[in-house]
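Here is how the chains run, residue by residue.
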Amino acid sequence: MADLNPIYNSTLTCPVCDNKIEVSKVRSRFVKLKSQDEDFCPYYESYNPVFYEAWVCKYCGYAAHSTVFPEVNRNDCKQVLDKIKPKWTSRDFTGERDINKALEAFKIVLYNLQVRGAPFSEFGKICLRIAWLYRYKGEYVNEHKFLKYSYDYYKNAFSKENLSHRKLDEYTLMYILGELARRLELYDEALQWFGKLISVSANPKEKSKIQPRLIEMTKDQIHITREKMKNDEKESAAINE
Ligand SMILES: [Zn+2]
């Protein structure tokens, strides 16, 4: 048992081309969460399961986030088979992944979403994970580019998408939008999103559906955002003196 490999493969059927494929996962006993940023970017003691969330079919090039991999309709299949498969050169994504291999897999997922015309919330999720991978690498410019993409996609998801059948609820989405705006230094927008969540939570019927931790985090982030705005004002006042 001591030399049990932390990474293992599981077999499934590609929902697009019907071939049997293997995807790699981290054994749960090796997943030890150390901390988390305010936008939920996780840090682990050793193996990071986020690296393995982008699943890729080596036969047809279909790729998706692990949580929605089987969810394709007939049009999705047609788009992948017509537009991705003919250009696809088989690549193996099984086994241990480093950040760069994870990024490569996530970029293939992003390309799949574009070809399929996937829901905004799915784009937002994948762009946020790509931003995290750049954060792990310390590539600030790329991180911010993808945080901005994620923010814009999530804004569209909030206004145009029916989220009731999605894993992401509208309360968490309001918080994420606020936090992404804060990280992008769009402080007024950040306060609007956080404020929206706080005013929704004033309604007892709604409040029961919101995780108490989310409300606490929102209050903390409102405080941090206001402090930052105050300091920025002081600084610009000092410059103008
Ligand atoms: Zn396939």
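Keep in mind that what you see is a predicted model, and the values were worked out from it rather than measured.

This part takes up the overall build of the chain. Within the chain, the secondary structure is distributed over eight helices and six strands. C-alpha extents for the chain along the principal axes are approximately 65 × 45 × 40 Å. Contacts in the chain between residues at least 24 apart in sequence constitute 59% of all its contacts with a sequence separation of at least 6.

With respect to the element layout, Ile 99 can be found in helix 2 (residues 99-116). Sequence separation between Ile 99 and Asn 48 is 51 residues, and the spatial gap between their C-alpha atoms is 9.5 Å. Setting aside chain neighbours within four positions, we find Ile 99 in contact with Leu 133, Tyr 136 and Lys 137.

The next subject is helix 4 (residues 140-160). Taking 1.5 Å of rise per residue, 21 residues should cover 30 Å, and helix 4 covers 30 Å from first to last C-alpha, within 8% of that figure. Every buried residue of helix 4 is accounted for by Glu 143, Phe 146, Leu 147, Ser 150, Tyr 151, Tyr 153, Tyr 154 and Ala 157. Buried residues belonging to helix 4 abut helix 3 (120-137) and helix 5 (170-183).

Glancing now at helix 1 (residues 74-84). The complete set of buried residues in helix 1 reads Asp 76, Gln 79, Val 80 and Ile 84. The buried residues of helix 1 occupy an angular sector of 95° when projected down its axis, which confines them to one face. In helix 1, those exposed residues whose orientation departs by more than 90 degrees from the buried face are Arg 74, Asn 75 and Asp 82. Looking at the buried side of helix 1, the elements it contacts are helix 2.

Attention now moves to the domain arrangement of the chain. Taken domain by domain, the chain holds domain 1 (1-139) and domain 2 (169-241). Summarising the inter-unit geometry, the C-alpha centres of domain 1 and domain 2 are found 30 Å apart.

Let us now look at the packing of helix 5 against helix 6 (residues 187-201). Interaxial distance between helix 5 and helix 6 falls to 7 Å at its minimum, and their mutual angle equals 160°. It follows that helix 5 is roughly antiparallel to helix 6 by the angle criterion. Our pair here, helix 5 against helix 6, has a crossing hand that is left-handed. Here helix 5 contributes Tyr 171, Met 174, Tyr 175, Leu 177, Gly 178, Ala 181 and Arg 182 to the contact with helix 6, which in turn contributes Tyr 187, Glu 189, Ala 190, Trp 193, Phe 194, Lys 196, Leu 197 and Val 200. Looking at the contact of helix 5 with helix 6 residue by residue, the classes come out as eleven nonpolar, one polar and three charged.

The rules behind each value
Residues numbered from 1 in each chain as written. Predicted model: local features only at pLDDT ≥ 70, side-chain atom pairs only at ≥ 80, totals over all residues. Helix = DSSP H or I, 4+ residues; strand = E, 2+ residues; numbered from the N terminus. Contact = placed C-beta atoms within 7 Å. Expected span 1.5 Å × (residues − 1). Buried ≥ 20, exposed ≤ 12 C-beta atoms within 10 Å, placed from the backbone. Arc of directions from axis to C-beta. Domains from an automatic or database assignment. Axes fitted to C-alpha atoms, helices over the stretch in contact; angles between N-to-C directions. Parallel < 35°, antiparallel > 145°, perpendicular 65-115°, else oblique. Left-handed = near helix turned anticlockwise from the far one by under 90°. Nonpolar A, V, L, I, M, F, W, Y, C, P; charged D, E, K, R; others polar.

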